[in-house]
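Structural features, examined
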Amino acid sequence: MIAGRYCRASINTLRVCSSAIAFRPTFLPSTRTCISRATAPTLQQTTFANRNFFATMAIETPYVTLNDGNKMPQVGFGLWKVDNATCADTVYNAIKAGYRLFDGACDYGNEVECGQGVAKAIKDGLVKREELFIVSKLWQTFHDYDQVEPITRKQLADWGVEYFDLYLIHFPVALKYVDPKVRYPPGWFNDGKSTIEQSNASLESTWKAFEELKNKGLAKSIGVSNYSGALLLDLFTYAKVKPATLQIEHHPYYVQPYLIKLAEQHDIKVTAYSSFGPQSFIECDMKIAADTPLLFDHPVIKKISEAHDKTPAQVLLRWSTQRGISVIPKSNSANRLQQNLDVTGFNLKDNEIQEISDLDKNLKFNAPTNYGIPCYVFA
Ligand SMILES: NC(=O)c1ccc[n+]([C@@H]2O[C@H](COP(=O)([O-])OP(=O)(O)OC[C@H]3O[C@@H](n4cnc5c(N)ncnc54)[C@H](OP(=O)(O)O)[C@@H]3O)[C@@H](O)[C@H]2O)c1
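Residues numbered from 1 in each chain as written. Predicted model: local features only at pLDDT ≥ 70, side-chain atom pairs only at ≥ 80, totals over all residues.

To be explicit about the condition: UniProt positions are given in the numbering used here, feature names are shortened, and annotations may be inferred rather than shown by experiment.
Looking at an unreviewed UniProt entry, the chain carries the name NADP-dependent oxidoreductase domain-containing protein, with the source organism given as Clathrospora elynae. What UniProt records for the chain under Pathway (unreviewed entry) is the sentence "Carbohydrate metabolism; D-xylose degradation."

In structure tokens:
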């Protein structure tokens, strides 16, 4: 996200089973299970949570294999704007529903509560730590080489975990350090109000610190977010470890086809954020989002969703997953959270994918300037 406090609010996938699915009993319809019957245990071996899961879903969890060999669930849960008061329960219930990837960040201000949800799920036997894929991000006030490891360790402590599965540079801009004792999360403004102050940290030095996090096992994979093609090309000149993933705004109004092509050429997996386009930013009272027709109501999306008997949200997510792009939708609703996970088991036609891609307006919502923040990182 840009800043929580300004907002109130080939297919190259390898099918691997999540633990909940691995416990799928053999008597259930087998159309979409991904476990061999030889290994499927009886219902007695399942936990209550798993039985509840079976009652409502039988969703395969596709994984993508990253360029470092690690496997990442293709569908995850986004944690931006998940309220602190309900966050632990939301994470717990999302795990119960079958989510295994959680996309967090320092800036979302809810890492402690996310960790509480994870801890309860592990304690209750819903899942093991190694079955989860926890993502977090470095905020730009911590880009200075010497600040990267300490803040990563603080974020790990907040989550209550020993490693992140993936740690990303959140935005390609370095801001002056703010001591967590002064303000945490720090947001964009050095004084907490209106002053943007740059740091001299280069992206190269920050990436070097990231490579060391990976070497030390604090992050199993490392990646970047909100990078342009030019920044990726520059990174390739100095990186010893290539980013495993690139997380970008990606929806039919902001398709960025050449950036995706560049990432693919370098075996960097793309994760789409804000898959529903303006919807997320309406919650932030962003004018250009309010002035843009909702993708959910767009005649092209509605027509395709009716043809497949899926919701517009599912079609928007499938448009990405079918092209090998990962998604991390956020929902505070139990029903929507569940439907957002069911976005890999049906196929759009090639012409439908093209029709959706043709809605491109090169319209980016998630830029600081759209929130009135005078930081020109995307100028
Ligand atoms: N790297 C970055 O800079 C960056 C920036 C932005 C986001 N992200 C990550 O990407 C995640 C997702 O992006 P996002 O939160 O901006 O937006 P999003 O997932 O595209 O949209 C969330 C909005 O859509 C609604 N929604 C969710 N599922 C729905 C469904 N099935 N039908 C109808 N409405 C639905 C949600 O409302 P309800 O909650 O009421 O369902 C909420 O208003 C974030 O949570 C965060 O983890 C990263």
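More follows now that the structure is in view.
1. Looking at the site of the ligand
Test applied: For each residue, a C-beta atom is positioned from the backbone; the residue is called near a molecule or strand if that atom sits within 6 Å of it. A run of H or I in DSSP becomes a helix once it reaches four residues, and a run of E becomes a strand once it reaches two; helices and strands are each numbered from the N terminus. When residues are grouped by polarity, Ala, Val, Leu, Ile, Met, Phe, Trp, Tyr, Cys and Pro land in nonpolar, Asp, Glu, Lys and Arg in charged, and all others, Gly among them, in polar.
Taken together, 29 residues surround the ligand, and among them Gly78, Tyr273, Ser280, Ala313 and Ser331 come closest. Contributing elements (two or more residues each) for the shell around the ligand: helix H9 (278–282) and helix H13 (334–341). A total of three residues in the shell around the ligand trace back to one element, the largest contributor, which is H13. In terms of residue class, the shell around the ligand is built from eight nonpolar, 16 polar and five charged.

2. Overview of the sheet that holds strand S4 (residues 76–78)
Note the following rule: Should DSSP find at least two bridges between two strands, the strands are regarded as paired. Here, residues touch in the contact sense if the C-beta positions derived from the backbone fall within 7 Å of one another. A fitted line through C-alpha atoms represents every axis, and for helices the fit uses only the stretch in contact; the resulting angles, taken between N-to-C directions, go from 0 to 180 degrees.
Strand order across the open sheet formed by eight strands is S4-S5-S6-S7-S8-S9-S10-S11, with parallel pairing between neighbours. Of all strands in the sheet, those bounded by a partner on one side alone are S4 and strand S11 (326–327). Pairing of strand S8 (residues 219–225) with strand S9 (residues 245–249), which is carried by two bridges, proceeds in the parallel orientation. By the bridge assignment, Ser225 is partnered in S9 with Gln247. Here helix H5 (residues 145–159) sits on the sheet in contact with strand S6 (133–138) and strand S7 (164–169), set at roughly 140° to S6.

3. Some thoughts on the packing of helix H4 (residues 111–123) against H5
Between two packed helices, both the angle of their axes relative to each other and the distance between the axes serve to describe the pair. How we decide: For classification, angles of less than 35 degrees are called roughly parallel, those exceeding 145 degrees roughly antiparallel, those between 65 and 115 degrees roughly perpendicular, and all remaining angles oblique.
Put simply, H4 and H5 touch, their axes get as near as 6 Å, and they point 45° apart. It follows that H4 is oblique to H5 by the angle criterion. Note on element contacts: H5 touches H4 through Gln155, Asp158 and Trp159, opposite Glu111, Val112, Cys114, Gly115 and Val118. Its residues assigned to classes, the contact of H4 with H5 comprises four nonpolar, two polar and two charged.

4. Let's talk about the confidence of the model for the chain
For the record, the criterion: Confidence of the prediction at every residue is given by pLDDT, a number between 0 and 100.
Confidence in the prediction of the chain, expressed as mean pLDDT, is 87, and 84% of residues score 70 or more. Across residues 3–58, confidence stays below pLDDT 50; counting only partners more than four residues off in sequence or on other chains, it has 96 contacts.

5. What about the environment of Phe189?
Mapped onto the secondary structure, Phe189 falls in the loop between S7 and helix H6 (203–216). Ignoring anything within four residues of it in the chain, the contact list for Phe189 reads Ser194, Thr195 and Ile196.

6. Remarks on the environment of Val343
Put simply, the rule is: Residue burial here comes from a neighbour count, namely the number of other C-beta atoms, placed from the backbone, that lie within 10 Å of the residue's own C-beta, with 20 or more meaning buried, 12 or fewer meaning exposed, and in between meaning partly exposed.
Looking at the element boundaries, Val343 is found in the loop between H13 and helix H14 (350–357). A count of 26 C-beta atoms within 10 Å places Val343 in the buried class. In this structure the C-alpha to C-alpha distance between Val343 and Val315, which are 28 residues apart in sequence, comes to 7.6 Å. What Val343 contacts, discounting residues up to four positions off in sequence, is Val75, Gln314, Leu317, Arg318, Thr321 and Val327.

7. Side note on the pairing of S9
The line we're drawing: Crossovers are marked right-handed if the path from the first strand over the helix to the second runs clockwise, as seen with the strands pointing away from the viewer.
The buried fraction of S9 amounts to five of the five residues, a majority that puts the element mostly inside the structure. For the crossover that starts at S8, traverses helix H7 (residues 229–238) and ends in the parallel S9, the hand is right-handed. Of the strand pairs in this sheet, S9 and strand S10 (residues 269–273) are connected by five bridges, and their pairing is parallel. For Leu246, the partnering residue across the bridge sits in S10 and is Val270. In this region the chain leaves S9, passes through helix H8 (residues 257–265) and returns to the parallel neighbour S10; the handedness of that crossover is right-handed.

8. Quick look at unusual backbone geometry
The linkage connecting Tyr184 with the following residue, Pro185, adopts the cis geometry, with an omega of -5°. One non-glycine residue, Ser274, lies in positive phi territory at about 55°. Looking at the element boundaries, Ser274 is found in the loop between S10 and H9.

9. Describing H6
Applicable threshold: Here the expected length of a helix is defined as 1.5 Å per residue gap, with one fewer gap than residues. Directions drawn from the helix axis to the C-beta atoms are what define this arc.
The first and last C-alpha atoms of H6 sit 20 Å apart over 14 residues, in line with the 20 Å expected at 1.5 Å per residue. Among all positions of H6, only Thr206, Trp207, Ala209, Phe210 and Leu213 are buried. Down the axis of H6, the buried set is contained in an arc of 155°. They therefore lie on one face. After H6 finishes, the residue Gly217 shows a positive phi value of roughly 80°.

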